[in-house]
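# Descriptive structure summary
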Amino acid sequence: MGKVALITGVTGQDGSYLSEFLLDKGYDVHGIIRRSSVERRERIAHLERVKHFYMHYGDLTDSISLIKIIKEVQPDEIYNLAAQSHVGVSFEVPEYTSDVVATGVLRILEAVRICGLEKKCKIYQASTSELFGKVEEVPQNENTPFHPYSPYAVAKQYGFWIIKEYREAYGMFCCSGILFNHESERRGEDFVTRKITLAAARIAQGKQDKLYLGNLSSLRDWGYAKDYVECMWMILQNDEPDDYVIATGEQHSVREFCVLAFRKAGIEIEFSGEGVNEKGIDKATGKIIVEVSPEFYRPTDVVNLYGDPSKARKKLGWNPTKTSFEELIDIMVSHDMKLVEKEVGTQL
Ligand code: NAP
Ligand code: G4F
């Protein structure tokens, strides 16, 4: 019989790729979904009738649902991917973010203990490079001090430590993957990369006039989500539970992402000016197509993320650069060009 995995956050970017990955490996995959007044399951719609894929209603803020599901499913592996995952939004809804992102991890750990599965069930926690926040070292590795710099990151820090605590206190096989940003054609539309690739496609097709962004100088280590879910699985297959930085080891600015994404959409863009006055100009037409809006600034912003994945490469044999930065942008823009072709109407 195949192994049984339970994924929280199964409707999200990573949850959908991880489901496909584990089904391919012969797992029974159970996902936790939230009830919503509108269907928001497009990332996993293609899996809903697939054999060995099952869905359960639950919520990370609701222990009762978690205990019931874990008791019924008896998972060998839990991948805790559910989160209010938008850093900017965490400043608007800090209490809810903490409830899901911090206490939610504790609820999973206790549910596993209550069900008597602490010796059988391995747990993967979706930790984040946001823990390095106001960075104290560049590049960042597993020994770099944490300095979380948003309500989201502070909550994720609790998640990281409670996972470590249960590993040490109860001998549970719990691990954190400290993942740097990873993107894809399934990325939420309010994260900067997808916002840019969609806008580049719409502007190229005459369906949008301008793109408004926040901090263009922010630096990120961007990888491809499909490559990163493999590493989540690898972390749980290792002999010893441990925590790993997962990154590409390359760094680019938001501005650079913009230039390459617009180029892929057929527009050469040139930036001039500084701060809120910086503008992205279409070289062919002289039109301003990118502007800065302080609306997208954060009270505290993380601006220098750059990961060192040496440990994952050495101990897990994971290849951090399967998909290059340029290939990632190609995948996203090609996808969005086709998507936008089908859109009716103009976005302002
Ligand atoms: P995502 O696309 O935003 O997906 C988040 C998932 O969590 C969705 O399925 C969402 O369900 C679910 N969720 C939110 N609140 C919930 C709740 N109260 N109860 C149950 N489910 C809930 O995020 P992602 O990019 O796939 O990221 C996956 C995980 O990795 C997150 O924990 C994120 O914080 C972390 N992470 C992501 C990155 C990255 O670059 N992508 C990097 C480091 C760490 P709905 O569909 O119903 O909203
Ligand atoms: O795309 P972002 O919103 O991603 P951010 O904040 O790095 O968070 C993502 O990655 C984390 C891993 O480091 C995850 F833990 C987290 O769950 C999430 O997946 O913003 C990237 C950068 C920021 O510095 C932001 O200030 O881009 C800057 N930015 C500039 N203009 C913008 C915009 N971000 C967004 N979302 N929208 C803008 O218009």
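Residues numbered from 1 in each chain as written. Chains lettered and ligands numbered in written order. Predicted model: local features only at pLDDT ≥ 70, side-chain atom pairs only at ≥ 80, totals over all residues. Heavy atoms only, no water.

## Some points on the site of ligand 2
Around ligand 2, a shell composed of 24 residues is seen, among which Thr-128, Ser-129, Tyr-152, Ser-218 and Arg-298 lie nearest. In this structure, Arg-220 approaches ligand 2 through a side-chain N or O atom, which is 2.8 Å from an oxygen atom. Asp-301 places a polar side-chain atom, nitrogen or oxygen, 2.9 Å from an oxygen atom of ligand 2. Across the complex, the protein chains shield 95% of the 710 Å² of accessible surface that ligand 2 would expose by itself. Taken together, the residues of the shell around ligand 2 break down into nine nonpolar, eight polar and seven charged. (Near = heavy atom within 4 Å. Polar contact = N/O pair within 3.5 Å; in protein donor to acceptor, adjacent residues only side chain to side chain. Areas by Shrake-Rupley, 256 points an atom, 1.4 Å probe, with all protein chains shown as cover. Nonpolar A, V, L, I, M, F, W, Y, C, P; charged D, E, K, R; others polar.)

## With respect to the sheet that holds strand E4 (residues 77-80)
Taking strand neighbours across the sheet as the criterion, the seven strands line up as E3-E2-E1-E4-E5-E6-E11 in an open arrangement whose pairing is parallel. The outermost strands of the open sheet, each flanked by one partner alone, are strand E3 (53-57) and strand E11 (244-246). For this sheet, the mean angle separating the axes of adjacent strands, direction not counted, is 20°. Across five bridges, strand E2 (residues 28-33) lies against E3 in parallel orientation. Pairing of Ile-32 across the sheet is with His-56, part of E3. Running at roughly 175° to strand E1 (residues 4-8), helix H1 (residues 13-24) makes contact with E1, E2, E3 and E4 of the sheet. (Pairing = 2+ DSSP bridges. Helix = DSSP H or I, 4+ residues; strand = E, 2+ residues; numbered from the N terminus. Axes fitted to C-alpha atoms, helices over the stretch in contact; angles between N-to-C directions. Contact = heavy atoms within 4.5 Å.)

## Regarding a nonpolar patch on the surface
A surface patch of nonpolar side chains, amounting to about 200 Å² of accessible area, comprises Val-89, Val-93 and Tyr-96. Within the secondary structure, Tyr-96 is located in helix H4 (residues 94-114). (Patch = residues over 30% accessible without salt bridge, like charges linked within 9 Å, V, L, I, M, F, W, Y side chains within 5 Å. Salt bridge = Lys/Arg side-chain N within 4 Å of Asp/Glu carboxyl O.)

## Regarding the site of ligand 1
As a matter of local geometry, ligand 1 sits amid 26 residues, with Thr-11, Arg-34, Asp-59, Ser-85 and Tyr-152 nearest to it. Separating a nitrogen atom of ligand 1 from a side-chain N or O atom of Tyr-96 is a distance of 3.1 Å. If ligand 1 stood free it would expose 900 Å²; the protein chains cover 90% of that surface. Secondary structure elements with two or more residues in the shell around ligand 1: H1, H4, strand E5 (122-128) and helix H5 (151-170). In terms of residues, the shell around ligand 1 owes the most to one element, E5, which gives three residues. Partitioned by chemical class, the residues of the shell around ligand 1 number 11 nonpolar, nine polar and six charged.

## Let's talk about the pattern of salt bridges
A complete count under the given rule lists 18 salt bridges for this structure. A salt bridge links Glu-77 to Lys-3; its shortest N-O distance comes to 3.5 Å. Here Glu-77, found in strand E4, pairs with Lys-3, found in the segment before E1; they are 74 residues apart in sequence, far enough to count as distant. For Glu-77, a relative accessible area of 1% translates into the label buried. Residue Lys-3 is classed as partly exposed on the basis of its relative accessible area of 37%. (Buried < 20%, exposed > 50% of the residue type's maximum accessible area, 1.4 Å probe, protein only.)

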